[in-house]
Amino acid sequence: MGRQKKQVVMKEPIRLREQVLKNGNRSLYLDIYHNGKRTYKFLKLYLVPETDTPSKIMNANTLAQANAIKEEMILDLTNRIAGIKDKSHKARMPFCAWMGIYAENAKKGCAESSKRWIDRSVKEVTEYDSEISLADVDKEFLTGFMEYLAARTALNTDKKKLTKNTVFLYLCYVRAALNYAVRESVIPKSPFKGITRASLSIKEHKREYLTVEEIKRLIATPCHREDIKGAFLFSCFSGLRIYDIMNLRWKDIVKTATHWQVEIIQYKTGVELFLPLNMNARKWLPEKPEEDAEVDAEEDRVFPRLTRYYGQTLGTWMKSAGITKDITFHAGRHSFATLCLTAGIDIYTTSQLLGHTTIRHTQRYARIINTKKDEAVSLFDDVFE
């Protein structure tokens, strides 16, 4: 009997590996060995400790996405060695993996806030359907994804449904990924045609704001968390978003010979903002800590205890003040905008104070003011009947 030949096992040129992080998560990366050289590609995908069923499902989806990217890179490498330039094979990869490839390309040079939205969009697609291929994405899939988002609870302390604008923002990144696939000659055309903002059957969230009288009642009403009261009223008189107030440091408040102003890079847009502070806004700033040799007070946060978990405190305070509106922290910004326009400040200046990137965003508040004007004029109808 002849000696049995040893079976030769071909090694993969690209392997999926893990790196354990300090927080217990595992970072996934690709170990690439080609032409005698080894390189590493970190996927910015992470496995979390599997403490419950949702974490296990999330890890399974993440691994599926990582393995799809690995297989795609192996196929690309093989085709490149063979001199094959056809990209149509990519259409067979999972759509969530294509979203990851699109994200890596799209995040080059864009604002941090846009990067976060791109990553969230990839996560939402992966959680909705991690198996459907790019080629199989059609209008039915997109409509189903849209309905899934519309029914999902928002991931914040208010636990409300996603707004129409938020749902469509996710869809915009999905549309961009599909358009990218068309430009790369992976698919012949995008199935997104015909899906518009108007096709979203979601009730638009009412843009709540506080009147002057309601703000006066809040000022007069005690709140068991004075820092939350001060931060919210500061928002009403400055128009700053909660994340910008949370990140605000004493060094960001600049005093000149004539006025005070906030100089920050906005968290949401990444756009620089120079915001003059009126007396009412300055009144709700806490007392600045004294500096000493060991502590640089300029680096301290202005509202150090403020977090996103304000909902119950804010709700109790509103109820104590007799305000029955559905008020979130962002209503402080809405209130500032409507107060500016009601006071006669022109829409362009209001847009600058809010740090809007386009005046179109400010026009939504102008429509509220116009409604109030219509209500005021209609009072004459009752008087002279």
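Since the structure is predicted, the reported quantities are computational estimates derived from the model, not experimental observations.

1. Section: the pattern of salt bridges
Between side chains of opposite charge, pairing is possible as soon as their charged atoms come close. Scanning the model with the defined rule gives 13 salt bridges in all. For Lys41, the salt bridge is made with Glu104, and the minimal N-O distance between the two is 2.3 Å. Of this pair, Lys41 sits in strand S3 (residues 37-47) while Glu104 sits in helix H2 (residues 95-106); the two residues are 63 residues apart in sequence, bridging distant segments of the chain. Between Lys325 and Glu214 there is a salt bridge whose closest N-O contact spans 2.9 Å. Of this pair, Lys325 sits in the loop between helix H10 (311-320) and helix H11 (331-342) while Glu214 sits in helix H6 (residues 212-220); the two residues are 111 residues apart in sequence, bridging distant segments of the chain.

2. Focus: the sheet that holds strand S1 (residues 14-20)
Spatially, S1-S2-S3 is the arrangement adopted by the three strands of the open sheet, whose pairing is antiparallel. Each end of this open sheet is capped by a strand with a single partner; those strands are S1 and S3. Within this sheet the neighbouring strands show an average axis-to-axis angle of 30°, counted without direction. As defined by bridge partners, S1 adjoins strand S2 (residues 26-34) across seven bridges and the pair is classed as antiparallel. In the sheet register, Arg15 faces S2, and the bridge partner there is Asp31.

3. Digging into the confidence of the model for the protein chain
Mean pLDDT over the protein chain: 81, with 82% of residues reaching 70 or higher. The weakest mean pLDDT in the protein chain belongs to helix H13 (residues 359-383) at 64; the strongest belongs to helix H7 (residues 226-238) at 95.

4. Comments concerning the packing of H2 against helix H3 (residues 112-128)
It is at 9 Å that the axes of H2 and H3 come closest, and there the two elements cross at 175°. It follows that H2 is roughly antiparallel to H3 by the angle criterion. Packed against H2, whose contacting residues are Phe95, Cys96, Met99, Gly100, Tyr102, Ala103 and Ala106, the element H3 presents Ile118, Ser121, Val122, Val125 and Thr126 at the interface. Among the residues making up the contact of H2 with H3, the classes are represented as nine nonpolar, three polar and no charged.

5. Structural notes on the sheet that holds strand S5 (residues 260-265)
Pairing in this open sheet of three strands is antiparallel, and the strands run S4-S5-S6 from one edge to the other. The sheet terminates laterally at strand S4 (253-255) and strand S6 (272-277), the two strands that pair on one side only. In this sheet, adjacent strand axes meet at a mean angle of 30° when their direction is disregarded. Where S4 and S5 come together, three bridges link them in antiparallel fashion. Directly across from Lys255, in S5, lies its bridge partner Trp260.

6. Some details on the packing of aromatic side chains
Applying the stated rule across the entire model yields 16 aromatic pairs. Both rings, one in Trp117 and one in Tyr170, keep their centres 5.4 Å apart while their planes meet at 65°; by these two values the pair is edge-to-face. Of this pair, Trp117 sits in helix H3 while Tyr170 sits in helix H5 (residues 164-183); the two residues are 53 residues apart in sequence, bridging distant segments of the chain. When sorted by exposure, Trp117 lands in the same class as Tyr170, which is buried. The interplanar angle of 20° and the centroid separation of 4.7 Å between the aromatic rings of Tyr243 and Tyr267 together place this pair among those described as stacked. Of this pair, Tyr243 sits in helix H8 (residues 242-247) while Tyr267 sits in the loop between S5 and S6, and the two are 24 residues apart along the sequence. Look at Tyr243 and you get partly exposed, because its relative accessible area is 28%.

7. A few points about the side chain of Glu208
As for its placement among the helices and strands, Glu208 is situated in the loop between H5 and H6. For Glu208, a relative accessible area of 15% gives the class buried. The residues contacting Glu208, other than those within four sequence positions of it, are Lys325, Asp326, Ile327, Ala331 and His334.

8. Some thoughts on H10
Listing the buried residues of H10 in full gives Thr313, Leu314, Trp317 and Met318. Buried positions in H10, seen along its axis, are confined to an arc of 130° and lie on one side of it. Within H10, the exposed residues directed more than 90 degrees away from the buried face are Gln312, Lys319 and Ser320. Elements that come into contact with the buried residues of H10 comprise H6 and H7. Phi for Gly322, located one or two positions after H10, is positive at around 80°.

9. Focus: the pairing of S6
Burial along S6 is one-sided: the residues Leu273, Leu275 and Leu277 are buried and none of Glu272, Phe274 and Pro276 is. By the bridge criterion, six bridges tie S5 to S6 in an arrangement that is antiparallel. Residue Val262 lies in a different strand from S6, and its bridge partner there is Leu275. Counting the residues that bridge the hairpin from S5 to S6 gives six residues, and of these Gly270 lies at a positive phi of roughly 75°.

Reading the values: rules and limits
- Residues numbered from 1 in each chain as written.
- Predicted model: local features only at pLDDT ≥ 70, side-chain atom pairs only at ≥ 80, totals over all residues.
- Heavy atoms only, no water.
- Salt bridge = Lys/Arg side-chain N within 4 Å of Asp/Glu carboxyl O.
- Helix = DSSP H or I, 4+ residues; strand = E, 2+ residues; numbered from the N terminus.
- Pairing = 2+ DSSP bridges.
- Axes fitted to C-alpha atoms, helices over the stretch in contact; angles between N-to-C directions.
- pLDDT = per-residue confidence, 0-100.
- Parallel < 35°, antiparallel > 145°, perpendicular 65-115°, else oblique.
- Contact = heavy atoms within 4.5 Å.
- Nonpolar A, V, L, I, M, F, W, Y, C, P; charged D, E, K, R; others polar.
- Phe/Tyr/Trp six-rings, centres within 6.5 Å; stacked < 30°, edge-to-face > 60°.
- Buried < 20%, exposed > 50% of the residue type's maximum accessible area, 1.4 Å probe, protein only.
- Arc of directions from axis to C-beta.

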